[in-house]
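Chain by chain, the residues run as shown.
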Amino acid sequence: MEESNMKSYKVSAAELKNFTKTVFEKTGLQESDAQAIAELLVHADVRGVSSHGVIRMKPYIKKINGGGASLKSTYPVVQETANTAVIDAEGGLGAVAGEKAVKIAREKAKNSLISIVSVKNSNHFGMAGHWAMKLAGEDCIGFACSNTDPSMAPPGVMIPFIGNNPFSFAFAAGEKYPEVCVDMATSAAAFGKAKAYALAGKPIPEGWLLDKQGNPTTELSEYGMLVPMAEHKGFGVAFIVELFATLLSGGVLSPNVNDQDLPATPELSSQSFGCINIRAFRELSQFHKDAQEYIEDIKALPVKEGVGSAKYPGEIEYTNKQRSLEHGIILPEALAEQLAETGRSLGIQMAEMAFLTAEEA
């Protein structure tokens, strides 16, 4: 295969976040809501999770302009106790619903030690780890999950029935390891990753896709659904996500969730946000000490030649984040051009977008 001549650009995370906020303000969002989306998308990019970064800007705008993401929702709390709440997003934005859910969950965990806040009738909520880490802070264990439109099934079933429902857990292990984060979907691989392989002319690995008869395939043209990670175990975890996100909230179950890319139709996904105050169990400083020592034991494990060292969950993404914040986020030329075109269409001046192509990577 010939090497690509496509350029990439190095951009400041702060400038990208400010630009993204401006874009969504010009799309009609209030400043605080535009800020929530900007933080969500750029956080994914700084951690190297580009599939959930500013590449989502255009689909989000299409969803807003098409009416599939309501700007009129007030995100009401429709049920509440000292430890729990249910928010009806009313077809609004997942980022805005997530911000409200995190705020409520953190406050309840402060006062009542453990909390769960569920959201129904929402849209795409982005990188699950973003929410888990916001929930965790320095003193809690954070949990976030969402159902999605159907893309998987129980092993042996011929039609998709459940989403590859993502989930994340996060906590801080002292100052040395401030972002320990497990963040994953429940399929063996995302469909977007399979598409990326196909576009690059690479063979799609076995064990990722099933055809429309439920048989394994490595051909994107034969795609019928995704393979759950670890087969029945992945389906089981996706089912548990459905329990926390949907059955508790009274939301729409995966078989009836709409495709997130339909611009005129709300996805109607459901989410759950959990917060466990560590002080409910033990002294926080001792928790941090033990967690840090545990991770250092992992880091000290012997590894095969060329591996470097064992990695704790979220270490690669945290390293990406530190590098991105110091040296900039790498954007492919096509994405930088797409962002600039979006800005131009909204009347943003070229000078305000110069940073997108100012420094070639």
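Note: the structure precedes this text.
Here goes a summary of the coordinates provided. Since the model is a prediction, treat every value here as computed from it, not as a measurement. (Residues numbered from 1 in each chain as written. Predicted model: local features only at pLDDT ≥ 70, side-chain atom pairs only at ≥ 80, totals over all residues. Heavy atoms only, no water.)

**Structural notes on the pairing of strand 6 (residues 167-173)**
Step number 1: Among the seven residues that make up strand 6, five are buried, leaving the element largely enclosed by the rest of the structure.
Step number 2: Pairing of strand 5 (residues 140-146) with strand 6, which is carried by four bridges, proceeds in the antiparallel orientation. Residue A144 lies in a different strand from strand 6, and its bridge partner there is S168.
Step number 3: Relative to strand 7 (residues 177-184), strand 6 runs antiparallel, the two sharing six bridges. Its bridge partner lying in strand 7, F167 is registered against M184.
Step number 4: Hairpin connection, strand 6 to strand 7: the antiparallel pair is bridged by three residues, and G174 has positive phi, about 75°. (Buried < 20%, exposed > 50% of the residue type's maximum accessible area, 1.4 Å probe, protein only. Helix = DSSP H or I, 4+ residues; strand = E, 2+ residues; numbered from the N terminus. Pairing = 2+ DSSP bridges.)

**Section: empty space enclosed by the protein**
Step number 1: Enumeration according to the criterion identifies one cavity of 30 Å³ or more in this entry.
Step number 2: Estimated volume of the largest cavity: approximately 150 Å³.
Step number 3: Along the walls of the largest cavity sit 14 residues, with Y60, K63, N123, H124 and Q260 positioned nearest its centre.
Step number 4: Grouping the amino acids of the lining of the largest cavity by side-chain chemistry returns six nonpolar, four polar and four charged. (1 Å grid on protein atoms, 1.4 Å probe; cavity = no way out; pocket = protein on both sides within 12 Å on 5 of 7 lines; lining within 4 Å. Points joined across faces, edges and corners; volume = space filled by probe spheres on them. Nonpolar A, V, L, I, M, F, W, Y, C, P; charged D, E, K, R; others polar.)

**Focus on the sheet that holds strand 11 (residues 269-277)**
For sheets, the rule is that strands pair by backbone hydrogen bonds, running either parallel or antiparallel.
Step number 1: Taken together, the seven strands give an open sheet; going across it, the order is 2-3-4-11-5-6-7, and neighbouring strands pair in mixed fashion. At either end of the open sheet lies a strand with only one pairing partner, and these are strand 2 (77-80) and strand 7. Sheet twist, expressed as the mean angle between neighbouring strand axes with direction ignored, is 15°.
Step number 2: Here helix 5 (residues 128-136) sits on the sheet and contacts strand 5, strand 6, strand 7 and strand 11; the angle it forms with strand 5, its principal contact strand, is near 155°.
Step number 3: Along the sheet, helix 8 (residues 284-299) makes contact with strand 6 and strand 7, crossing strand 6 at roughly 105°. (Axes fitted to C-alpha atoms, helices over the stretch in contact; angles between N-to-C directions. Contact = heavy atoms within 4.5 Å.)

**Some thoughts on helix 4 (residues 94-112)**
Step number 1: Over its 19 residues, helix 4 extends 26 Å from the first C-alpha to the last, a length consistent with the 27 Å expected when each residue adds 1.5 Å.
Step number 2: Among all positions in helix 4, only G94, A95, V96, A97, G98, A101, V102, I104, A105, K108 and A109 are buried.
Step number 3: Where helix 4 ends, the next residue or the one after it, L113, has phi of about 80°, a positive value. (Expected span 1.5 Å × (residues − 1).)

**Re the side chain of H124**
Step number 1: Among the secondary structure elements, H124 is positioned in the loop between strand 4 (114-122) and helix 5.
Step number 2: You can call H124 buried: its relative accessible area is 14%.
Step number 3: Among the polar contacts made by the side chain of H124, one reaches the side chain of Y60 at a distance of 2.7 Å.
Step number 4: When near neighbours in sequence (up to four residues on either side) are disregarded, H124 contacts H52, R56, Y60, G94, A95, Q260, E267 and S269. (Polar contact = N/O pair within 3.5 Å; in protein donor to acceptor, adjacent residues only side chain to side chain.)

**Some remarks on the state of the cysteines**
Step number 1: Throughout the structure, instances matching the rule amount to zero disulfides.
Step number 2: In this structure C140 is not part of a disulfide, and its nearest cysteine sulfur, from C275, lies 3.7 Å away.
Step number 3: Relative accessible area serves as the criterion here: at 3%, C140 is assigned to the buried category.
Step number 4: Among the cysteines around C181, which has no disulfide bond, C145 carries the closest sulfur, lying 13 Å off. (Disulfide = S-S within 2.5 Å.)

**Let's talk about unusual backbone geometry**
Step number 1: A positive phi is found at E90, a non-glycine position, where the angle reads about 55°.
Step number 2: Assignment of secondary structure puts E90 in the loop between strand 3 (84-88) and helix 4.
Step number 3: Residue class for E90 comes out partly exposed when judged on its relative accessible area of 38%.
Step number 4: For L268, which is not glycine, the phi dihedral falls at a positive 65°.
Step number 5: Position of L268 among the secondary structure elements: in the loop between helix 7 (232-247) and strand 11.
Step number 6: Using a relative accessible area of 23% as the deciding quantity, one classes L268 as partly exposed.

**What to know about the sheet that holds strand 8 (residues 209-211)**
Step number 1: With respect to topology, three strands assemble into an open sheet ordered 9-8-10, the strand pairing being antiparallel. Among the strands making up the open sheet, the edge pair consists of strand 9 (216-217) and strand 10 (223-226).
Step number 2: Bridge count between strand 8 and strand 10: three bridges; the pairing is antiparallel. The residue of strand 10 that forms the bridge with L210 is M225.

**Remarks on the layout of surface pockets**
Step number 1: Volume-wise, the second largest pocket comes out at about 210 Å³.
Step number 2: Lining the second largest pocket, in full, are A13, A14, K17, E39, V42, H43, V46, H130, M133, K134, K321 and L325.
Step number 3: Sorting the residues of the lining of the second largest pocket by element identifies helix 1 (13-26), helix 2 (31-46), helix 5 and helix 9 (315-327) as the ones contributing at least two each.
Step number 4: Here the lining of the second largest pocket gets four residues from one element, more than from any other, and that element is helix 2.
Step number 5: In terms of residue class, the lining of the second largest pocket is made up of six nonpolar, two polar and four charged.

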